[in-house]
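Descriptive analysis of the structure
Here's the letter readout for the chains.
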Amino acid sequence: MARIIVVTSGKGGVGKTTTSASIAIGLAKKGHKTVVIDFDVGLRNLDLIMGCERRVVYDFINVINGEATLNQALIRDKNCNLLYILPASQTRDKDALSQESVGKVLDELKKDFEYIICDSPAGIEKGAQLAMYFADDAFIVTNPEVSSVRDSDRMLGILSSKSRRAEQNEEPIKEYLLLSRYAPNRVKSGDMLSLNDVQGILSLELLGVVPESNSVLNASNAGIPVILDEKSDAGQAYADIVDRYLGENKPHRFIDEKKGLLGILFGSK
């Protein structure tokens, strides 16, 4: 049975597309046939991070309008044969999406894929609501700042009241917290919220903490999901997140400030 995951937040720039790309390739590398869909019609960033922008011929809206089949629009990832990308359109309007048409595409994808990841645009406009509507699981991506956490809390209200599961009185969407751009030294100095602060507000199961890292930007610019950078803290964090989602019991890393050499030698806190 296919599982639909929405990667969402209320605020832009928190790392949703980076997360969608890394989670998708992480699941595929674990042997699960996975597809990731870009719901950000009009902008389209997922194909850039996945490094397949030059291979886009047909897109999500072409499929919905009957101008192309799913088979024509799906792009096989160059790093993993079990991963496919369904890009968004840069030239069409978000109004091209409808609940019925999105549902038909997802139903067709369910026949062939184990995991369907929906990379949601920011905010609560139509594309974001449709990305959330059909979800079984939701990864709430937030930065440790008040505005980001507040907007994520608003998204939780929408997930619990405007989803298909809510309408049909089914088991609620399973919600997970993914805290991105976390810097323990800035938490210590009071410049950002702590993990406990964020969990106290959102009350979600913590899937993982992704540290603030230049490797995320470097990977995006290179068109390579950061999870493939196994030497970077961010890449390791996303690998841990995939493992936890699949049921492995892994300790959380990157929560505490790293000690310098003197700290290690003299036991400073």
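What you see is a predicted model; the values in this text were computed from it and never measured.

**Thoughts on the overall build of the chain**
A count of helices and strands for the chain gives 13 helices and eight strands. In terms of overall size, the chain behaves like a compact globule, its C-alpha atoms giving a radius of gyration of 18 Å where 269 residues would be expected to give roughly 18 Å. Each principal axis of the C-alpha atoms in the chain carries an extent, and together these give about 65 × 40 × 35 Å. Considering only residue pairs separated by 6 or more positions, the chain has 75% of its internal contacts joining residues 24 or more positions apart. Carbon together with sulfur atoms contributes 46% to the accessible area of the chain, which is approximately 12,600 Å² in total. Charge-centre separation for the chain: the mean point of 33 positive side chains lies 3 Å from the mean point of 37 negative side chains.

**Digging into the environment of Asp229**
The residue Asp229 is located in the loop between helix H11 (214–222) and helix H12 (233–245) in this model. The exposure class assigned to Asp229 is partly exposed, which follows from its relative accessible area of 30%. Residues Asp229 and Ser215, spaced 14 residues apart in sequence, show a C-alpha to C-alpha distance of 7.9 Å. Sequence-distant contacts of Asp229, that is, excluding residues within four places in its chain, are made with Ser215 and Gly235.

**Observations concerning helix H10 (residues 195–202)**
Listed in full, the buried residues belonging to H10 are Leu195, Val198 and Leu202. All buried residues of H10 project into a common sector of 65° when viewed along the axis, lining one side. Residues of H10 that are exposed and point more than 90 degrees away from the buried face comprise Asn196 and Gly200. Elements that come into contact with the buried residues of H10 comprise strand S6 (137–142), helix H7 (146–161), strand S7 (174–182) and strand S8 (205–211).

Each value, and the rule that gives it
Residues numbered from 1 in each chain as written. Predicted model: local features only at pLDDT ≥ 70, side-chain atom pairs only at ≥ 80, totals over all residues. Heavy atoms only, no water. Helix = DSSP H or I, 4+ residues; strand = E, 2+ residues; numbered from the N terminus. Rg over C-alpha atoms; globule rule 2.2 N^0.38 Å. Contact = heavy atoms within 4.5 Å. Areas by Shrake-Rupley, 256 points an atom, 1.4 Å probe, with all protein chains shown as cover. Lys, Arg positive; Asp, Glu negative; His and termini not counted. Charge placed at Lys NZ, Arg CZ, Asp CG, Glu CD. Buried < 20%, exposed > 50% of the residue type's maximum accessible area, 1.4 Å probe, protein only. Arc of directions from axis to C-beta.

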